[in-house]
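Topology and contacts: notes
Each chain is listed here by its residues.
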Amino acid sequence: YDLLNEPNWTFEGKDKNGRQDATNQPIWEIYKAITKAIRSVDTNHIIIVEGNAWGNNYNGFPGPWDDNMVISFHKYWNPNTQEAIARFLNLREKFHMPLWLGESGENTTQWFSECVRLVEKNRIGWAWWPYKKVSSGTSIMTAKRPDDFKKIVDYWNKTGERPSKEVASKGLFELVENLKTENCRVNTNVVQSLIAPDSKPLAGFEDKNHP
């Protein structure tokens, strides 16, 4: 159970995303309450917790309150260095808890390779986010964005007129169809950067769109 994805809130009237909060007390308290509720019916599965500010602010973390817990952090747009993950390694060492990179991605394939090498060198498990994206080529799979779905997004972003019910419905159902795995483009350069960053291109998986 990953209890709460990327809490982003200041409880101390500081940075709005909680990056500067010193205790994060309400987060730890709600995590404890949720854990208690889960354990009343399930004593088997792992409890995953995330800090404030996109999962990364662990100030005030009291240590484990359950004997099957994992610390999770998210990593985007920062250097792939020991210094960048040192605070999480210190938490793992201090509390003797497993460490999990619960989200990463959005950058370049070179950055992806560097990130994977860094966390695996430090014996940190990892997951990539997300598996599929619409239009973007920085995910494992890319779905084509329907023209009518773009009209919906433009309306949401206040850059276009409100589409009719028929247009909106058509755009959403076309998107669902395009998101099916068989209709997506596989970005083999992304796959390469994640599973074999130092090897030659994967035989049989050359992608003309991404040499």
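Procedures and definitions
Residues numbered from 1 in each chain as written. Predicted model: local features only at pLDDT ≥ 70, side-chain atom pairs only at ≥ 80, totals over all residues. Heavy atoms only, no water. Buried < 20%, exposed > 50% of the residue type's maximum accessible area, 1.4 Å probe, protein only. Helix = DSSP H or I, 4+ residues; strand = E, 2+ residues; numbered from the N terminus. Contact = heavy atoms within 4.5 Å. Core = buried A, V, L, I, M, F, W, Y, C linked by side-chain atoms within 4.5 Å. Pairing = 2+ DSSP bridges. Axes fitted to C-alpha atoms, helices over the stretch in contact; angles between N-to-C directions. Left-handed = near helix turned anticlockwise from the far one by under 90°. Nonpolar A, V, L, I, M, F, W, Y, C, P; charged D, E, K, R; others polar.

1. Topic: helix α5 (residues 147–156)
Each α-helix winds once per 3.6 residues, and so residues spaced three or four apart point in a common direction. Listed as buried for α5 are D148, F149, I152 and D154. On its buried face, α5 is in contact with α6 (165–178). Directly after α5, the chain includes K158, whose backbone phi takes a positive value near 60°.

2. Comments concerning the nonpolar core
By size, the foremost hydrophobic cluster in this structure holds 35 residues, and its most contacted members are V49, Y58, F61 and I124. Counting only elements with at least two residues in this core, the list comes to α1 (25–39), β1 (47–50), β2 (69–75), α3 (82–95), β3 (99–104), α4 (109–121), β6 (141–143) and α7 (188–195). Here the element with the most residues in this core is α4; it accounts for six residues. Discounting chain neighbours no more than four positions away, the residues touching I124 are F73, I85, L89, R92, L99, W100, L101 and V119.

3. Notes on the sheet that holds strand β7 (residues 185–186)
The strand order across the open sheet formed by three strands is β5-β6-β7, and the pairing between neighbours is mixed. The open sheet has two edge strands, β5 (132–134) and β7, and neither has a second partner. In terms of strand pairing, β6 meets β7 through two bridges, oriented antiparallel. From the neighbouring strand, T142 faces β7, where its bridge partner is R185.

4. Things to note about the packing of α5 against α6
Packing of α5 against α6 leaves a shortest axis separation of 7 Å and a crossing angle of 115°. α6 is crossed by α5, and the crossing has left-handed handedness. Contact residues: α5 offers D148, F149, K151 and I152, while α6 offers V167, A168, K170, G171, L172 and L175. Looking at side-chain class alone, the contact of α5 with α6 contains six nonpolar, one polar and three charged residues.

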